[in-house]
Amino acid sequence: SQYSAVDTNPLSVYIMQPIWNKIIKIVPLWIAPNLLTFSGFVMILVNYFLISFYDWDYTASGTSPGLVPTWVWLFSAFTTFCAYALDSIDGKHARRTQSSTPLGELFDHGLDSWATSIFVLSFFSVCSRDNGKSGVSVYTMYIYLSIVLFNFMCSHWEKYNTGVLFLPWGYDISQVVLIAAYLLTGALGVEVWQKPFLFGYYITDALVILLIGFSLFLSFPQTLYNIHRAHLKKTLKNNSLYEGLLPLVSPLLLFLLLTVWVVLSPGNILAKQPRLFLWMVGVAFSNVICKVIVCQMSSTQPELFHWFLFPLALVVYAAISGLLGWTEEAVLMVLTLLLTAAHLHYGICVGRQLSEHLNIYIFSLKKRVQE
């Protein structure tokens with residue numbers, strides 16, 4: 001299917017696009033677009049692990065300011081900008097090198113589905129977790145991450161039904177806000193997040209309210225409206241309501257299972273291991289969405305129940321019934337490792353199959369020699 005995306009965000013159209021059009025001119029023509037996409041993703045990962053090293057349990061910013069060196073925040077701003085730029089120019093570069101392929105589209109959106117959670121998890125280190133005075137609670141973090149992922153899911157569910165990806169306004173705005181937040185933290189220190197800035201509200205409160213407002217009153221209604229419009233124009237990809245709603249079943253069940261674990265965990269797993277738990281949420285979600293993206297691109301039906309739901313349901317049942325006891329954290333660690341490994345394996349396999357099928361290399365513009 002021909003890839004089509006619509007971007008109506010004024011910030012993107014009038015400010016960012018002209019910048020990307022300048023940057024793209026310095027990219028050598030022999031570089032494969034997927035290399036740009038992948039480099040951006042690697043930068044996000046490096047940044048995430050760097051922040052994790054200084055702030056494993058999200059308390060560094062709240063306990064003693066200065067635990068995370070200033071250069072780390074500035075490096076975060078730099079890597080976030082680079083990843084944002086690379087993610088914005090990879091498609092343009094593919095068109096200028098005439099190498100746009102379904103593999104590139106899947107590679108881009110697949111890595112985005114994972115990067116989305118990593119951006120959010122890195123940002124939590126800025127505001128730190130609740131210490132009674134400032135910061136956000138781990139439950140707020142979980143809800144915040146879920147809403148961001150819900151937004152991402154909506155735009156791909158919409159594409160599954162309409163065939164068009166309406167780029168969410170939230171994307172460009174969130175990237176610019178992230179870069180500004182890191183620069184602010186680097187310049188003024190983490191203290192800036194710990195003082196009320198307006199009517200006794202903290203900046204973090206404002207960001208959470210903005211995010212929820214954006215999602216529930218802008219993104220989601222827009223998604224429903226676009227699907228409704230396609231229905232009226234008779235351009236919907238799926239004939240039945242069942243088929244149209246099918247991609248939502250697994251993500252919603254995933255969210256339900258995770259929430260049950262968070263709320264009913266005897267050992268309060270989210271408070272004990274917020275970084276591990278939220279990373280696992282991001283990985284599981286990314287894999288579920290990747291399958292939807294593959295189905296949307298190949299015009300096939302997604303399965304009703306994603307296989308991740310089965311081991312997860314077992315673990316959640318064992319945890320909340322008290323079967324796991326003190327091993328709950330260890331089991332979470334093993335589950336996180338297994339899901340991450342399964343996700344990587346899935347990505348590598350799909351990439352290799354597509355590169356063989358389309359007779360192209362993933363990271364090179366050279367043509368494969370026909371065997």
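How each quantity is defined
- Residues numbered from 1 in each chain as written.
- Predicted model: local features only at pLDDT ≥ 70, side-chain atom pairs only at ≥ 80, totals over all residues.
- Heavy atoms only, no water.
- Helix = DSSP H or I, 4+ residues; strand = E, 2+ residues; numbered from the N terminus.
- Polar contact = N/O pair within 3.5 Å; in protein donor to acceptor, adjacent residues only side chain to side chain.
- Contact = heavy atoms within 4.5 Å.
- Phe/Tyr/Trp six-rings, centres within 6.5 Å; stacked < 30°, edge-to-face > 60°.
- Buried < 20%, exposed > 50% of the residue type's maximum accessible area, 1.4 Å probe, protein only.
- Salt bridge = Lys/Arg side-chain N within 4 Å of Asp/Glu carboxyl O.
- pLDDT = per-residue confidence, 0-100.
- UniProt positions renumbered as here; feature names shortened; annotations may be inferred.
- Core = buried A, V, L, I, M, F, W, Y, C linked by side-chain atoms within 4.5 Å.
- Axes fitted to C-alpha atoms, helices over the stretch in contact; angles between N-to-C directions.
- Parallel < 35°, antiparallel > 145°, perpendicular 65-115°, else oblique.
- Left-handed = near helix turned anticlockwise from the far one by under 90°.
- Nonpolar A, V, L, I, M, F, W, Y, C, P; charged D, E, K, R; others polar.

Glancing now at the side chain of Asn238. Tracing the sequence through the fold places Asn238 in the loop between helix H8 (203-232) and helix H9 (241-264). Separated by 3.5 Å, the side chain of Asn238 and the backbone oxygen of Tyr160 make a polar contact. Filtering out sequence-adjacent residues up to four positions away, Asn238 remains in contact with Tyr160, Asn161, Glu243 and Gly244.

Evaluated as defined, the whole model comprises 22 aromatic pairs. Taking 5.3 Å as the distance between ring centres and 20° as the angle between the ring planes, the aromatic pair formed by Tyr48 and Trp279 counts as stacked. Taken together, the residues Tyr48 in helix H2 (residues 33-54) and Trp279 in helix H11 (residues 274-298) connect sequence positions 231 residues apart. On the basis of relative accessible area, Trp279 is assigned to the buried category, the value being 11%. Judged by centre distance (6.4 Å) and plane angle (70°), the rings of Tyr142 and Phe277 are edge-to-face. A residue pair is termed long-range when its members are at least 10 positions apart, and Tyr142 in helix H6 (residues 138-162) and Phe277 in helix H11 qualify at 135 residues. Pair check on accessibility: Tyr142 and Phe277 agree, each one buried. Members of the aromatic cluster, connected to one another through ring pairs, are Phe41, Tyr48, Phe49, Trp114 and Trp279.

Pairing between side chains of opposite charge can happen when the charged atoms of each approach one another. For the structure on display, the rule yields 2 salt bridges. In this structure, Glu105 and Lys159 form a salt bridge, with 2.7 Å as the shortest nitrogen-oxygen distance. Placement of the pair is Glu105 in helix H5 (residues 102-127) and Lys159 in helix H6, with a sequence separation of 54 residues. Among the residues examined, Lys159 registers a relative accessible area of 2% and is labelled buried. Its salt-bridge partner being Glu303, residue Lys291 comes within 3.9 Å of it at the nearest N-O pair. Of this pair, Lys291 sits in helix H11 while Glu303 sits in the loop between H11 and helix H12 (309-320), placing them 12 residues apart in sequence. Since its relative accessible area comes to 17%, Lys291 is described here as buried. Using a relative accessible area of 43% as the deciding quantity, one classes Glu303 as partly exposed.

The predicted coordinates ought not to be read in detail in places where the model reports low pLDDT. Predicted confidence across the protein gives a mean pLDDT of 90, with 97% of residues reaching 70 or more. Within the protein, H12 carries the highest mean pLDDT (97), whereas helix H3 (residues 60-63) carries the lowest (74).

This part covers the UniProt feature "transmembrane region" (unreviewed entry) in the protein. Feature annotation in UniProt assigns "transmembrane region" (unreviewed entry) to the following positions: residues 26-50, 70-86, 136-154, 199-220, 241-264, 276-294, 306-324 and 330-348. Secondary structure content for residues 26-50 is 72% helix and 0% strand, and the end C-alpha separation is 29 Å. Helix makes up 100% of residues 70-86 and strand 0%, whereas the separation of the span's terminal C-alpha atoms amounts to 25 Å.

This part is about the environment of Phe119. Among the secondary structure elements, Phe119 is positioned in helix H5. Overall, the relative accessible area of 13% leaves Phe119 in the buried class. Counting along the chain gives 136 residues from Phe119 to Phe255, while the straight-line C-alpha distance between them is 19 Å. Excluding residues within four positions of it along the chain, Phe119 makes contact with Ile44, Thr80, Ala83, Gln175, Leu178 and Tyr182.

Of all hydrophobic cores here, the largest spans 101 residues; its most connected members are Phe123, Phe124, Tyr144, Trp261, Phe277, Met280 and Leu312. Not counting residues within four places of it along the chain, the set of residues in contact with Leu312 comprises Leu254, Leu257, Leu258, Trp261, Met280 and Leu335.

On to the packing of H2 against H5. Between H2 and H5, the least distance of the axes is 10 Å, while the angle of their chain directions is 20°. Put simply, H2 runs roughly parallel to H5. Our pair here, H2 against H5, has a crossing hand that is left-handed. Between H2, through Asn34, Thr37, Phe38, Phe41, Ile44, Leu45, Asn47, Tyr48 and Ile51, and H5, the contact on the second element is made entirely by Leu103, Gly104, Phe107, Asp108, Leu111, Trp114, Ala115, Ile118, Phe119, Leu121, Ser122 and Ser125. Residue composition of the contact of H2 with H5, by class: 14 nonpolar, 6 polar and 1 charged.

Let us look at the packing of H6 against H8. Where H6 meets H8, the axes come as close as 10 Å, and the angle between the chain directions of the two elements is 15°. Viewed along their axes, H6 and H8 adopt a mutual orientation that is roughly parallel. Here H6 runs over H8; the crossing is left-handed. Residues Thr140, Tyr144, Ile147, Val148, Phe150, Asn151, Cys154, Trp157, Glu158, Asn161 and Thr162 of H6 touch H8, and the partners they reach there are Leu207, Val208, Leu211, Ile212, Ser215, Ser219, Phe220, Thr223, Leu224, Asn226, Ile227 and Ala230.

With respect to the helices and strands, Leu278 occurs in helix H11. A C-alpha to C-alpha distance of 23 Å links Leu278 and Asp172, two positions 106 residues apart in sequence. Excluding anything up to four places from it in sequence, Leu278 contacts Leu121, Phe124, Met141, Tyr142, Leu145 and Leu270.

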